[in-house]
Amino acid sequence: MAAQDGREALAGRLQDAFVLGLLSEQTLCDRLALLYGSPVLHGERVVGDLTVRRSGAARSLERTLGRLDRLLQRRERPTILVLERATAEGEALIGRSASCPVCLQDPSVSRRHATLARVDDGYLLRDLDSTNGTWVGRRRVGRVIVRPGDRVWFGGLSVVLD
């Protein structure tokens, strides 16, 4: 899933919930601001509490599919990193430390894990000798040019670039 598609899909879910009366107008506005205003986005925090009323058969099917998803460990709401916001001040430090402009709260992310900076042909991602590494695709990287839509692993945390 491309990161932009991810944000648009989450926005669509929020709008659907508003139409169904599951969200107030203020809550919709607050969540859309979170969705488009933060450089790091955890989809579960934006739509994880939303439920839609379904028929008994649909609920039963959903429970069965949910069990299959959990068994296959495919259910994931990606963390989305908004590149323009993350690099608005120049080079951005990515890490677990609260002092990092891009703070990723995951135990597999080093306190000072990587840096990200805008360059002519994309964004330069540089690993800072992190313990669990920075991965793009199936390759551990030291320095690499990344672009929106790329999936990057900081340690064990999967992040989609937007």
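Basis of the calculations
- Residues numbered from 1 in each chain as written.
- Predicted model: local features only at pLDDT ≥ 70, side-chain atom pairs only at ≥ 80, totals over all residues.
- Heavy atoms only, no water.
- Helix = DSSP H or I, 4+ residues; strand = E, 2+ residues; numbered from the N terminus.
- Contact = heavy atoms within 4.5 Å.
- Polar contact = N/O pair within 3.5 Å; in protein donor to acceptor, adjacent residues only side chain to side chain.
- Salt bridge = Lys/Arg side-chain N within 4 Å of Asp/Glu carboxyl O.
- Buried < 20%, exposed > 50% of the residue type's maximum accessible area, 1.4 Å probe, protein only.
- Pairing = 2+ DSSP bridges.
- Axes fitted to C-alpha atoms, helices over the stretch in contact; angles between N-to-C directions.
- Phe/Tyr/Trp six-rings, centres within 6.5 Å; stacked < 30°, edge-to-face > 60°.
- Lys NZ or Arg CZ within 6 Å of the ring centre and 35° of its normal.
- Core = buried A, V, L, I, M, F, W, Y, C linked by side-chain atoms within 4.5 Å.

**Student:** Any chance you could explain the environment of D127 here in plain terms?
**Tutor:** Position of D127 relative to the elements: it lies in strand β6 (residues 122-127). As a C-alpha pair, D127 and V141 span 14 residues in sequence and 7.0 Å in three-dimensional space. In this view, D127 contacts H113, A114, G133, T134, V141 and G142; residues no more than four positions away in its chain are not counted. For D127, the side chain forms a polar contact with the main-chain nitrogen of D129, separated by 3.0 Å. Here S130 takes part through its side chain, which lies 2.6 Å from a polar atom of the side chain of D127.

**Student:** I tried to follow the pattern of salt bridges on my own but got confused; where do I start?
**Tutor:** Side-chain pairs of opposite charge can arise whenever the charged atoms involved come near each other. Following the criterion strictly, the structure yields 2 salt bridges and no others. With a shortest N-O distance of 2.4 Å, D162 and R7 are connected by a salt bridge. Linking D162 in the segment after β11 (157-161) with R7 in helix α1 (residues 3-19), this pair joins segments that are 155 residues apart in sequence. On the accessibility criterion, D162 (9% relative accessible area) is buried. Note on R7: relative accessible area 10%, which makes it buried. Between R126 and E91 there is a salt bridge, and its shortest N-O distance comes to 3.7 Å. Here the residue R126 occupies a position in strand β6, and E91 occupies one in the loop between α5 (83-86) and β3 (92-95), the gap between them amounting to 35 residues. A relative accessible area of 27% means that R126 is categorised as partly exposed. Residue classification places E91 among the exposed residues on the basis of a relative accessible area of 52%.

**Student:** Whenever I open this one, the sheet that holds strand β1 (residues 40-42) confuses me. Can you help?
**Tutor:** Across a sheet, strands are paired by hydrogen bonds formed along the backbone, either parallel or antiparallel in direction. Spatial strand order, β1-β2-β11-β10-β7-β8: 6 strands in an open sheet with mixed pairing. With one partner strand each, in any of the chains shown, β1 and β8 (139-141) form the two edges of the open sheet. Taking the axes of each pair of neighbouring strands and ignoring which way they run, one obtains an average angle of 35 degrees across the sheet. Pairing of strand β10 (residues 151-154) with β11 involves 4 bridges; the strand directions are antiparallel. By the bridge assignment, V152 is partnered in β11 with V159.

**Student:** Would you explain the packing of aromatic side chains in this entry?
**Tutor:** For any pair of aromatic rings, the description consists of the separation of the ring centres together with the inter-plane angle of the planes. In this structure the tally under the stated criterion is 0 aromatic pairs. The residue whose ring lies beneath R118 is Y123, and the NZ or CZ to ring-centre distance is 4.8 Å.

**Student:** Can you walk me through the nonpolar core in this structure?
**Tutor:** One broad rule of soluble globular proteins: the nonpolar side chains tend to lie buried together. Counting residues in each nonpolar core, the largest one holds 22 residues, and the members touching the most others are L81, L104, L125, V146 and F154. At the level of elements, α5, β3, β5 (114-119), β6, β9 (143-146), β10 and β11 are the ones that each hand at least two residues to this core. L125 has contacts with I94, A114, T115, L116, T134, V136, G142, R143, V144, V146, V152 and F154, leaving out every residue within four places of it along the chain. Within the second largest apolar cluster, 12 residues are counted, among which are L10, L14, L35 and V47.

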